[in-house]
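Results of the structural survey
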Number of protein chains: 2
Amino acid sequence: MSGWVRVVGLGPGAAGLLAPDAAQAVAASSDLIGYATYLDRVTLSEGQIRHASDNREELARARNALSLAAEGRRVAVVSGGDPGVFAMASAVFEALEAGPLAWRRLDIEVVPGISAMFAAAARLGAPLGADFCAISLSDNLKPWSVLEARLRAVATAGLVIALYNARSQARPDLLGRAFAVLAEILPGGTVVAFARAVSTEAERIDITTLAEADPSLVDMRTLVLIGTAATRLIVREGAAPFVYSPRFVEASA
Amino acid sequence: MSGWVRVVGLGPGAAGLLAPDAAQAVAASSDLIGYATYLDRVTLSEGQIRHASDNREELARARNALSLAAEGRRVAVVSGGDPGVFAMASAVFEALEAGPLAWRRLDIEVVPGISAMFAAAARLGAPLGADFCAISLSDNLKPWSVLEARLRAVATAGLVIALYNARSQARPDLLGRAFAVLAEILPGGTVVAFARAVSTEAERIDITTLAEADPSLVDMRTLVLIGTAATRLIVREGAAPFVYSPRFVEASA
């Protein structure tokens, strides 16, 4: 049997949010590659080989996957959420482009998943109900000047913002700087939500405002959602409020 | 048994991309509400009631769902893709906020799904591998001036753009106007992909450039992806090229 690569999204964590196609690709693989935290979600069958690595070694992991597939192995590269959203898919294609031409004849497919952003939004209500964007706050990948310009642009344009990699150990102050930039543009009362590890036992939701948002509540597993000035709360007795962004924009906006 | 509402995402179309939680919410419901095209994907069991409606009656559909739940019915409101992305979730919360206070005590949950955007991205490669945004091109919901400002902002800031509702029967010229705005900012060679009905029998993928993108190829089922200047093609013999957006941004970008 010839080799293949499936770049698989395991979803936010709950088994009920893992798509059948993703489960099947994992089950059919001979080799599983990924960050150890995600591989820990998978129960290995007899004979399946686990290649765990550190979270920062994405390109090495991608090369390893392609190289194993070229040897005839059936390789599942696993990510949490959707593999195309600040996860492994882009690294795999980067490695493919830079690698031997023979790799381009490999059978490579991406299997989509439910992203952390959509799981968080579902838990909160419908905060992404209007135009929205997803921005990675990691400044390993781009300089702060680019990050700052993007934050200003999208907040000014009225998009809801989902921040990935909002808290890095190497640069713990970045999220505070991002909030400060956004506070120059958006009202202090703008809804901000911290959605940690949604759909897992470690889930924690905090709903606050831009003026009061405390970056120290955010860790590596937390997605940060920042509403627009129009994003609303629906208060309920005995339950967390729902957060939603209206579909309609007035002409004056 | 008391009533509930589940706002459910059916995913892009293929059964293998439907999350188990969504299938279960549909199976447990007494009443299914949605646009007929999405309801057609669901096989009804004995006793389940189908409430099909036109695609534009979102708020009436949302009120109907909440009203039925208040009568003790178990209501699944179904959307394609993810229900929080230009679909029914926002309408349900809009109806909830405007409705009787008693509705706020209802058991309401959103069940996320794999969006059309992620299914399209997976088929193409990893076009959303960098910061990205999702914008609905419908000017039923916002004036053209807002749309144009948003397109200019996100293209200038270097985000990949996913356009939903890119072709409406009422305003077939909007997509051409959007391309013209983007062409003032992005190089003519910027990768554009049309991804129609991904994961269904009607799937069709067209990869082109901003300079050559033909809006007449786009219909109501087509998602339009517009890369950044850095988005790349990986050419393959005998197969469509892969499209991916690099994770890294240079300081000069």
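Predicted, not measured: the structure shown is a model, and the values here were computed from it. (Residues numbered from 1 in each chain as written. Chains lettered and ligands numbered in written order. Predicted model: local features only at pLDDT ≥ 70, side-chain atom pairs only at ≥ 80, totals over all residues.)

Residues and elements named next belong to chain A. Judged from the four bridges that link them, strand β12 (residues 232–236) and strand β13 (residues 239–244) form a sheet pairing that is antiparallel. Within β13, the residue paired with isoleucine 234 across the bridge is phenylalanine 242. The turn linking β12 back onto β13 is made up of two residues, and glycine 238 within it adopts a positive phi angle of 70°. (Pairing = 2+ DSSP bridges. Helix = DSSP H or I, 4+ residues; strand = E, 2+ residues; numbered from the N terminus.)

Another aspect to go through is helix α5 (residues 116–124) of chain A. A large share of α5 of chain A lies buried, amounting to nine of its nine residues. Looking at the residues trailing α5 of chain A, positive phi occurs at glycine 125 of chain A, about 140°. (Buried ≥ 20, exposed ≤ 12 C-beta atoms within 10 Å, placed from the backbone.)

Moving on: the sheet that holds strand β6 (residues 125–126) of chain A. All names here are of chain A. The sheet built from three strands is open, its strands ordered β6-β13-β12 with mixed pairing. At either margin of the open sheet sits one strand with a lone partner, and together these are β6 and β12. For β6 and β13, the ladder comprises two bridges, and the chain directions are parallel. Its bridge partner lying in β13, glycine 125 is registered against valine 243.

This part is about the interface of chain B and chain A. At the interface, 60 residues of chain B touch 61 residues of chain A. The class makeup of the residues in the side of chain B that touches chain A is 38 nonpolar, eleven polar and eleven charged. In terms of strand pairing, strand β7 (residues 132–136) of chain A meets strand β7 (residues 132–136) of chain B through three bridges, oriented antiparallel. Its bridge partner being in β7 of chain B, phenylalanine 132 of chain A is matched across the sheet by alanine 134 of chain B. (Contact = placed C-beta atoms within 7 Å. Nonpolar A, V, L, I, M, F, W, Y, C, P; charged D, E, K, R; others polar.)

Right, let's talk about the nonpolar core for a bit. Judged by nonpolar contacts, the single largest core of 182 residues is most densely connected at Val92 and Val154 of chain A together with Val92 and Val154 of chain B. Apart from residues lying up to four places away in sequence, valine 154 of chain B is in contact with Cys133, Ala153, Val154 and Ala157 of chain A together with Cys133, Leu159 and Ile161 of chain B. (Core = buried A, V, L, I, M, F, W, Y, C linked by C-beta atoms within 7 Å.)

A separate point is the packing of helix α6 (residues 144–157) of chain A against helix α7 (residues 174–183) of chain A. Residues and elements named next belong to chain A. Viewed as axis vectors pointing N to C, α6 and α7 meet at an angle of 40°, and their least axial separation amounts to 9 Å. Between α6 and α7, the angle falls in the class oblique. Classified by chirality, the crossing of α7 by α6 is right-handed. Of α7, the residues touching α6 (which contributes Glu148, Leu151, Arg152 and Ala155) are Ala178, Val181 and Leu182. Per-class residue counts for the contact of α6 with α7 are five nonpolar, no polar and two charged. (Axes fitted to C-alpha atoms, helices over the stretch in contact; angles between N-to-C directions. Parallel < 35°, antiparallel > 145°, perpendicular 65-115°, else oblique. Left-handed = near helix turned anticlockwise from the far one by under 90°.)

So, about the packing of helix α3 (residues 58–70) of chain A against helix α4 (residues 88–98) of chain A. Residues and elements named next belong to chain A. Taken N-terminus to C-terminus, the directions of α3 and α4 make an angle of 65°; their axes are 8 Å apart at the nearest point. Between α3 and α4 lies a crossing whose hand is right-handed. Touching Glu58, Leu59, Ala62, Arg63, Ala65 and Leu66 of α3 are Met88, Ala91, Val92, Glu94, Ala95 and Leu96, all from α4. Across the contact of α3 with α4, the residue classes tally to nine nonpolar, no polar and three charged.

Turning next to unusual backbone geometry. What you tend to see is this: most non-glycine residues have negative phi, and most peptide bonds are trans. Residues other than glycine seldom take positive phi values, yet serine 199 of chain A does so here, at roughly 85°. On the secondary structure map, serine 199 of chain A appears in the loop between β9 (191–196) and β10 (204–209). Exposure remark for serine 199 of chain A: the 21 C-beta atoms within 10 Å place this residue in the buried category. Phi is positive for asparagine 165 of chain B, which is not a glycine, with a value near 50°. Mapped onto the elements, asparagine 165 of chain B comes out in the loop between β8 (160–164) and α7 (174–183). Judged by local crowding, asparagine 165 of chain B falls into the buried class, with 20 C-beta atoms found within 10 Å.

Time to look at the relation of the copies chain B and chain A. Here chain B sits on chain A after a turn of 180° about the axis and a move of 0.0 Å along it, with an RMSD of 0.0 Å. Here the copies are linked by what is in effect a two-fold axis. The position closest to the rotation axis in chain B is occupied by the C-alpha of cysteine 133 of chain B, lying 1.9 Å away. A shared binding surface is used by both copies, with 100% of the interface residues of chain B retained as interface residues in chain A. (Least-squares fit on C-alpha atoms with pLDDT ≥ 70 in both.)

The next subject is helix α3 (residues 58–70) of chain B. Residues and elements named next belong to chain B. The end-to-end C-alpha separation of α3 is 19 Å, in line with the 18 Å expected for 13 residues at 1.5 Å each. Within α3, the full set of buried residues consists of Glu58, Arg61, Ala62, Ala65, Leu66, Leu68 and Ala69. What you see down the axis of α3 is that its buried residues fit within an arc of 160°, all on one side. Where α3 is buried, its residues meet β1 (4–9), β2 (31–35), β3 (49–53), β4 (74–79) and α4 (88–98). (Expected span 1.5 Å × (residues − 1). Arc of directions from axis to C-beta.)

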